[in-house]
Each structure stands twice: as structure tokens, then as C-alpha cells.
Amino acid sequence: VSTQSTGFNSKNVVLDKKAIIEEDVILFVDPKSGNVTRSLGSKYFAMPHGVFVDHHENIFVTDVALHQVFKFEVNKTEPSLVLGTKFVPGSDSTHFCKPTSVVVTAEDFIFVGDGYCNARVVKFTKSGKFVGEYGKLSMKKGVPGSMYLVHDLTISHADRMVYVADRENAQIHVMTYKGNFSAVYSIPGNVYAIDFIPEIPAIAAVNISDADSPSKVMLVNPDSGEITGTYPTNQSNFTMPHAITYIQHVGIFLGEIAASNPPYPVWKLSEIRRHAQKRKETPALLNVLASNIPISFLVVIAVLAVIPIAYMGVVVVMRCNDKGDGDSFDR
């Protein structure tokens, strides 16, 4: 997919409404070999950003240029549900403004991180009926629910909690399924992506390199916000990690959006346990993703897909056009 630079106007409307990606943007990748086993999503997306696979193996994808969220059912190539209004930004029950992320509960409620403009989390039923919106736009730190840029979501099914990565405020907000914010945790550096590791339990969060420290994965206690481990502890292999996902017994995957030349890498880390700060192994580059797929933008996402008979882990990876708009989008 070629890089384009159409961007957005001052009202958050994408400048080139004809720039729909012709190729498949959702790739199914074997997490051990890096081989692409399947792909879908051609001619539906303009700037896909976040993806989530639910317990039914349905795939949900956000698109910041279209201001929409798509649901693809198992083995289907056409969306069965579309939330939002195509190319029309907004902040009500039928409009998003650059939605960044999506998660789905075991009860099939859909939470959308909305996102670059609205700084809110929006809840829907499985049929797409609006339930409520939560959070408010603010740069004031330390206030649960006061967010500046909702960049990623993750959930704890057991605790019925949603965790919100507030990128520019360098915080993680804790929210119940009912939309009540109970806590907020300060994270070193802008927190770009989070995923929940139920076995520890911990929130895996990744930040971006700054003058004080390199990019790293942090394990955050979901009850206290304490950082209980980091990976790696010193020099980082990461440049600009943009997304993170955890697969049980396989490891953590990171997708980057900055490198000397595209295509951008996807990293596979070994399984991270409670004492992650003691681990010294170097994260492995998924060679197939890094060298053999001609794409300009890679984002790692989501899931342990249960395949009948074999029970294989599958990483779902999304590829899209890189369209800079000159503001905070994917800095």
C-alpha cells in the first residue's frame, strides 16, 4: 500500500475521500512462523487504526478517516455491522471523530475509544444500539475520566473493567462496564497502547522513547497502578511502538509506525511473566512481516483465535496507508 499525505481539514474531514485502500488491510499471521494465513478488508478502509477480535472470533476495526467502526463475522469478508457515519465526524450517538480503538465484553457490549477529537469512550449493544458515553476532554492530570487523547482500550473480563490509554496525558484510566471511572494511573511517557494479561494479572503498556528513557513495555498492577516490571530494562530495540497485544503462552507483540524505511516492523517478545524486569532475551522480529509484505504501516492487534481441532494462536495484523495531517495524529 503506497503512502499518501492527504490528511484532514480543520473540521477533521479527510481531504481525499476517494483514497479507499484497494488491498486487504487485515492479515491473519501465524504468531510462531510469521506466515500470513489469510487476509481480508479490501476496498472498505481509508485509514484503519485499531482492531479487536472478540470471543466469537468476530473482528472489529476502527477507521479514523471514515469515522467508523466495522464488524466482520467469522469467515465473512463483508461487514455485518457498521457504526458511525462515513466521512462525517461528530460527537453524538451516530457519529465518531477519528475513533482509535474498540473492545467487546463477554456479554457482547461494544466499547469504542473515540479518540483523536472527542476523548470519550462510547458503549453500544451488540446490535449497535447506543448505550452511553463516558469521559470528558481535559489536559488536567490525575482526574479519573478527564482524558485528552483516547488511543487504546483493553478489558478485564473477570473484573468487568475497561482500561483506557490516555496518550497525551500519559495516563491509564480505570472504568467499570457501567461507565464509572474509579481510578487513574500515571505512566512514564506517552502511553500508546495497552493490553490486559489475566494470568498475572497486569496491564501491559508501551510508551514512546523520549529524552529521559527508551521505549519499553511496562507491567502495571491493575488495582494500584504500580509498575511491577519493565521490558527491556535498558537499551530498547523499539523506535515508535504503536500497538500491543498479548497471546497466552505465545508472548507479546508490538507493531511500530516509525523506522528508517517502511515497511515497519512487528516485534514478538517472549512470554512476559511477573518478574519481567529480570528477563534479558532480545525481542524477535517477525521476518515475514518486516521484509516480505510491501506495506507502509503495520499495527499489531489482537487475539488467540480458537481454531477447531488445532487450537492455534493467530495474530491479527492491520495494514493501512500512512496519511499525516500535521497535528497529533500518530506522532
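Structure: above.
Given the structure is predicted, the values throughout are model-derived calculations rather than measurements.

1. Focus on the side chain of Arg 120
Phase 1: Within the secondary structure, Arg 120 sits in strand β9 (residues 120–124).
Phase 2: At a separation of 2.8 Å, a polar atom in the side chain of Arg 120 contacts the main-chain carbonyl oxygen of His 95.

2. Some remarks on the state of the cysteines
Phase 1: Throughout the structure, instances matching the rule amount to one disulfide.
Phase 2: The disulfide partner of Cys 97 is Cys 117, and the S-S distance across this bridge is 2.3 Å. With the S-S dihedral at roughly -55°, the linkage between Cys 97 and Cys 117 falls on the left-handed side. Of the two residues, Cys 97 is situated in the loop between β6 (81–83) and β7 (99–104) and Cys 117 in the loop between β8 (110–114) and β9; the sequence distance between them amounts to 20 residues.

3. Remarks on the pattern of salt bridges
Phase 1: The tally for this structure, following the rule as stated, stands at five salt bridges.
Phase 2: For the salt bridge of Arg 120 with Glu 133, the shortest nitrogen-to-oxygen distance reads 2.4 Å. With a gap of 13 residues between them, Arg 120 in strand β9 and Glu 133 in strand β10 (residues 130–134) connect regions that are remote in the sequence.
Phase 3: Each of Asp 114, Arg 120 and Glu 133 takes part in salt bridges that share partners, so that together they form one network.

4. Details of unusual backbone geometry
Note: most residues except glycine have negative phi, and most peptide bonds are trans.
Phase 1: The omega torsion across Asp 114 and Gly 115 is -25°, close enough to zero to call that bond cis.
Phase 2: The topology assignment puts Gly 115 in the loop between β8 and β9.
Phase 3: Across the junction of Ile 200 and Pro 201, the peptide omega takes the value -15°, indicating a cis bond.
Phase 4: The topology assignment puts Pro 201 in the loop between β17 (191–197) and β18 (202–207).
Phase 5: For Glu 57, which is not glycine, the phi torsion reads 70° and is therefore positive.
Phase 6: Relative to the elements of secondary structure, Glu 57 occurs in the loop between β3 (48–53) and β4 (59–63).
Phase 7: With relative accessibility at 24%, the residue Glu 57 sits in the partly exposed group.
Phase 8: Look at Lys 98: it is not a glycine, yet its phi comes out positive at around 60°.
Phase 9: Within the element layout of this structure, Lys 98 appears in the loop between β6 and β7.

5. Quick notes on the sheet that holds strand β5 (residues 68–72)
Phase 1: Spatial ordering of the open sheet is given by β3-β4-β5-β6, a layout of four strands whose pairing is antiparallel. The sheet terminates laterally at β3 and β6, the two strands that pair on one side only. For this sheet the average axis-to-axis angle between neighbouring strands, irrespective of direction, equals 15°.
Phase 2: Two strands pair when backbone bridges link them, and β5 and β6 are joined in this way by three bridges, in the antiparallel orientation. Within the sheet, the bridge partner assigned to Phe 70 lies in β6 and is Val 82.

6. Here's the deal with the packing of aromatic side chains
Phase 1: Using the criterion set out here, one finds seven aromatic pairs in the structure.
Phase 2: When the ring of Tyr 44 is compared with that of Phe 72, the centres are 5.8 Å apart and the planes differ by 80°; the resulting orientation is edge-to-face. Taken together, the residues Tyr 44 in the loop between β2 (36–40) and β3 and Phe 72 in strand β5 connect sequence positions 28 residues apart.
Phase 3: Here a set of aromatic residues connected by ring pairs shows up, and it is made of Tyr 44, Phe 45, Phe 70 and Phe 72.
Phase 4: Across from the ring centre of Phe 8, 3.9 Å away, lies the NZ or CZ of Lys 98, which sits over that ring.
Phase 5: Cation over ring: Lys 123 sits above Phe 109, and NZ or CZ is 4.4 Å from the ring centre.

7. What about the environment of Gly 135?
Phase 1: Mapped onto the secondary structure, Gly 135 falls in the loop between β10 and β11 (136–137).
Phase 2: Measuring from C-alpha to C-alpha, the distance between Gly 135 and Phe 181 comes to 8.1 Å, with 46 residues separating the pair along the chain.

8. Here we look at a nonpolar patch on the surface
Phase 1: On the surface, Leu 137, Met 139 and Tyr 148 cluster together to form a nonpolar patch covering roughly 320 Å² of accessible area.
Phase 2: Within the secondary structure layout, Tyr 148 lies in the loop between β12 (146–147) and β13 (150–156).

9. A few points about the environment of Phe 196
Phase 1: Here Phe 196 lies in strand β17.
Phase 2: Here Phe 196 falls in the buried class, since its relative accessible area comes to 9%.
Phase 3: Linking Phe 196 and Leu 219, residues 23 residues apart in sequence, is a C-alpha distance of 9.4 Å.
Phase 4: Aside from chain neighbours lying at most four places away, what touches Phe 196 is Thr 154, Ile 155, Ser 156, Tyr 163, Pro 201, Ala 202, Ile 203, Pro 222 and Tyr 246.

10. A word on the environment of Ala 119
Phase 1: Position of Ala 119 relative to the elements: it lies in the loop between β8 and β9.
Phase 2: The spatial distance from the C-alpha of Ala 119 to the C-alpha of Leu 149 is 5.3 Å, given a sequence separation of 30 residues.
Phase 3: Beyond its immediate chain neighbours, meaning those up to four positions away, Ala 119 contacts Asp 114, Gly 135, Lys 136, Leu 137, Met 147, Tyr 148 and Val 150.

Rules and cut-offs
Residues numbered from 1 in each chain as written. Predicted model: local features only at pLDDT ≥ 70, side-chain atom pairs only at ≥ 80, totals over all residues. Heavy atoms only, no water. Helix = DSSP H or I, 4+ residues; strand = E, 2+ residues; numbered from the N terminus. Polar contact = N/O pair within 3.5 Å; in protein donor to acceptor, adjacent residues only side chain to side chain. Disulfide = S-S within 2.5 Å. Salt bridge = Lys/Arg side-chain N within 4 Å of Asp/Glu carboxyl O. Buried < 20%, exposed > 50% of the residue type's maximum accessible area, 1.4 Å probe, protein only. Pairing = 2+ DSSP bridges. Axes fitted to C-alpha atoms, helices over the stretch in contact; angles between N-to-C directions. Phe/Tyr/Trp six-rings, centres within 6.5 Å; stacked < 30°, edge-to-face > 60°. Lys NZ or Arg CZ within 6 Å of the ring centre and 35° of its normal. Patch = residues over 30% accessible without salt bridge, like charges linked within 9 Å, V, L, I, M, F, W, Y side chains within 5 Å. Areas by Shrake-Rupley, 256 points an atom, 1.4 Å probe, with all protein chains shown as cover. Contact = heavy atoms within 4.5 Å.

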